[in-house]
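# What the coordinates show
Chain by chain, the residues:
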Amino acid sequence: MADIHATARPRSNAARICTIVAFVFAALALFVSPLIFGILGVVLGIVGAVLGDKPLGWYAAAASAVAAVLGTVLFAALLN
């Protein structure tokens, strides 16, 4: 049997769903609305990581933050 650290949470289905939705919001932040979907993606990624989907939840949060910044830069470039 695997030796699980006492503070580690087992991954739940809710954690995986939050992480997947965070990655979807990262893609939407890049092309649709960087501010709204970027913030929602970061929050859902963190929630997924806290619920036990590590490290994928942290990757989703980081991807959402990067996509929000890139989406904002892309939107500003298109306006000028």
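Before going further, it helps to examine the packing of helix H1 (residues 13–31) against helix H3 (residues 56–79). Relative to each other, H1 and H3 sit at 15°, their axes nearing to 7 Å. Judged by the angle between their axes, H1 and H3 are roughly parallel. Of the two elements, H1 crosses H3, and the hand of that crossing is left-handed. Of H3, the residues touching H1 (which contributes Arg16, Thr19, Ala22, Phe23, Ala26, Ala29 and Leu30) are Leu56, Gly57, Tyr59, Ala60, Ala63, Ser64, Ala67, Ala68, Leu70, Gly71 and Leu74. In terms of residue class, the contact of H1 with H3 is made up of 13 nonpolar, four polar and one charged.

Tallied over the full model, the rule gives one aromatic pair. Pairing Phe25 with Phe37 gives two aromatic rings, centres 5.3 Å apart and planes at 50°, and the pair type is tilted. Taken as a pair, Phe25 in helix H1 and Phe37 in helix H2 (residues 34–50) lie far apart in primary sequence, 12 residues in all. What makes Phe25 buried here is its relative accessible area of 17%.

Counting across every chain of the model gives one salt bridge. Note that Asp53 is salt-bridged to Arg16, the shortest N-O span being 3.0 Å. Here Asp53, found in the loop between H2 and H3, pairs with Arg16, found in helix H1; they are 37 residues apart in sequence, far enough to count as distant. Note on Asp53: relative accessible area 2%, which makes it buried.

The end-to-end C-alpha distance of H1, which contains 19 residues, comes to 28 Å, matching closely the 27 Å that a straight helix rising 1.5 Å per residue would cover. When H1 is considered as a whole, its buried residues turn out to be Ala15, Cys18, Thr19, Ala22, Phe25, Ala26 and Ala29. Buried residues along H1 cover an arc of 120° about the axis, so they all sit on one side. Of the residues in H1, the exposed ones pointing more than 90 degrees away from the buried face are Asn13, Ile17 and Phe31. The secondary structure elements touched by the buried residues of H1 are H2 and H3.

Here we come to unusual backbone geometry. A cis amide bond links Lys54 with the next residue in sequence, Pro55, at an omega value of -5°. Tracing the backbone through its elements, the reader meets Pro55 in the loop between H2 and H3.

A few words now on the environment of Tyr59. Checked against the element boundaries, Tyr59 lands in helix H3. Distance from Tyr59 to Val42, taken between C-alpha atoms, is 9.5 Å for residues 17 residues apart in sequence.

How each quantity is defined
- Sequence order sets the numbering: in each chain, residues are counted from 1 along the sequence as written.
- It should be noted that, the model being predicted, local features are given only for residues of pLDDT at least 70 and side-chain atom pairs only at 80 or more, the latter also being counted only at that level, while totals for whole chains, interfaces and linings use all residues.
- Just so you know, side-chain values use all the structure's heavy atoms and leave hydrogens and water out.
- Here an angle of 0 to 180 degrees is reported between the N-to-C directions of two axes, which are lines fitted to C-alpha atoms, with helices fitted over the stretch in contact.
- Think of it this way: any DSSP run of H or I at least four residues long counts as a helix, any run of E at least two long counts as a strand, and we number them from the N terminus.
- Every angle not falling under 35 degrees, over 145, or within 65 to 115 is termed oblique; those three ranges are roughly parallel, roughly antiparallel and roughly perpendicular.
- Here a crossing is called left-handed whenever its near helix is offset anticlockwise from the far helix by less than a right angle, and right-handed whenever the offset is clockwise.
- Contact between two residues is taken to exist if any of their heavy atoms lie within 4.5 Å; hydrogens are not considered.
- The nonpolar class holds Ala, Val, Leu, Ile, Met, Phe, Trp, Tyr, Cys and Pro. Asp, Glu, Lys and Arg form the charged class, and all remaining residues, Gly among them, are polar.
- Stacked, tilted and edge-to-face are the three classes applied to pairs of Phe, Tyr and Trp rings, where Trp contributes its six-membered ring and a pair requires centres within 6.5 Å; stacked means planes under 30 degrees apart, edge-to-face means over 60, and tilted covers the rest.
- Accessibility here uses a 1.4 Å probe with only protein chains present; expressed as a share of the type maximum, an area under 20% marks a residue as buried, one over 50% as exposed, and anything in between as partly exposed.
- Whenever Lys or Arg places a side-chain nitrogen within 4 Å of a carboxyl oxygen from Asp or Glu, that contact is recorded as a salt bridge.
- To estimate how far a helix should extend, the number of its residues minus one is multiplied by 1.5 Å.
- This arc is built from the directions going out from the helix axis to the C-beta atoms.

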